[in-house]
Amino acid sequence: DPSPFPDGFMFAFDQLIARSAAQSAVEVGCAEGFLTRRVAGCGCDVTGVDKSAAAIHTAREIAERKGAAVRYAAVELSALPRTLSADLLVCVDLLQHLDDAEAALKRFAGFRCRFALLAVPDGRRQRLHHLVRGQHLATNGRAPEQPHYWSPRAFTDLVAQHFAPVSVRRASGWTLVLARFPRRSLLPRARGSSVVELQNVNATEDSHDRRPSRARH
């Protein structure tokens, strides 16, 4: 399964997954499911969700072809049930594309999970890359379709407003934060309950997504 992410990112990602010791996980914004399958390979009971029905269709086809035990659901972020539960919530390469990323983090913090693994590209490096290539010069390297360009410190500080960071990794131009959920989220739950709930929400139709294909990274 060729990785759309750099080797350094994958090394850090795998280490943080291991540190969480998760047995169940939900990936929000899973796209075509590469990381969802990666987490499932660690022995987790995993569900991947994305607002794009087309991406979920592709993710299911790939999982079936590879024999990966992963569930997928096409769901808008706003439609995720507040009672969603898992040991680990994963969200990679999504928050920087949301107009109100802080609202998304606040919503995440209300879920019944133990850890969150959140990752975004280093905004400073992204902007420098654009400027070196002569792109988006009028906006100092900021692409109009991406609202946020966080430095590693700024992103960690943002996460810390809603979670308790446990480990922060900077790898291959990415910032990865493993954080504990607020104590109010650590409620008793039945394993796999998140899967049942996600299967009961309304699936979305295929929709436009700001995020570029992960294959471009």
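Overview of the structure. The model shown is predicted, which means the values in this text are computed figures rather than measured ones.

With that out of the way, let us pick up the packing of aromatic side chains. With the rule as written, the count across this model stands at eight aromatic pairs. For the pair F5 and F34, a centre-to-centre distance of 6.4 Å together with 40 degrees between the ring planes defines the contact as tilted. Pair noted here: F5 is in the segment before α1 (7-20) and F34 is in helix α2 (residues 34-40), with a separation of 29 residues, a long-range link. F34 carries the same exposure label as F5, and that label is buried. For the pair F108 and F111, a centre-to-centre distance of 6.2 Å together with 40 degrees between the ring planes defines the contact as tilted. Of the residues examined, F108 reaches a relative accessible area of 0% and is grouped as buried. Of the aromatic side chains, those joined through ring pairs into one cluster are F5, F9, F13, F34 and W174.

This part is about the nonpolar core. Counting residues in hydrophobic clusters, the biggest one holds 32 residues, and the most contacted among them are F9, F13, L88, V92, L117 and L176. Those elements that provide at least two residues to this core are α1, α2, α3 (53-66), β3 (70-74), β4 (85-92), β5 (112-121) and β7 (174-180). Residues in contact with L117, not counting those within four places in the same chain, are F13, L16, I17, L88, L89, V90, C91, L176, V177 and L178. With 31 residues, the next largest nonpolar core counts L95, W150, F155 and V177 among its residues.

Right, let's talk about helix α6 (residues 152-160) for a bit. Among the residues of α6, those classed as buried are P152, F155, T156, L158 and V159. Buried residues of α6 fall within an arc of 160 degrees about the axis and therefore sit on the same side. On its buried face, α6 sits against α4 (101-109), β5, α5 (123-132), β6 (164-171) and β7.

What counts and what doesn't
Residues numbered from 1 in each chain as written. Predicted model: local features only at pLDDT ≥ 70, side-chain atom pairs only at ≥ 80, totals over all residues. Heavy atoms only, no water. Phe/Tyr/Trp six-rings, centres within 6.5 Å; stacked < 30°, edge-to-face > 60°. Helix = DSSP H or I, 4+ residues; strand = E, 2+ residues; numbered from the N terminus. Buried < 20%, exposed > 50% of the residue type's maximum accessible area, 1.4 Å probe, protein only. Core = buried A, V, L, I, M, F, W, Y, C linked by side-chain atoms within 4.5 Å. Contact = heavy atoms within 4.5 Å. Arc of directions from axis to C-beta.

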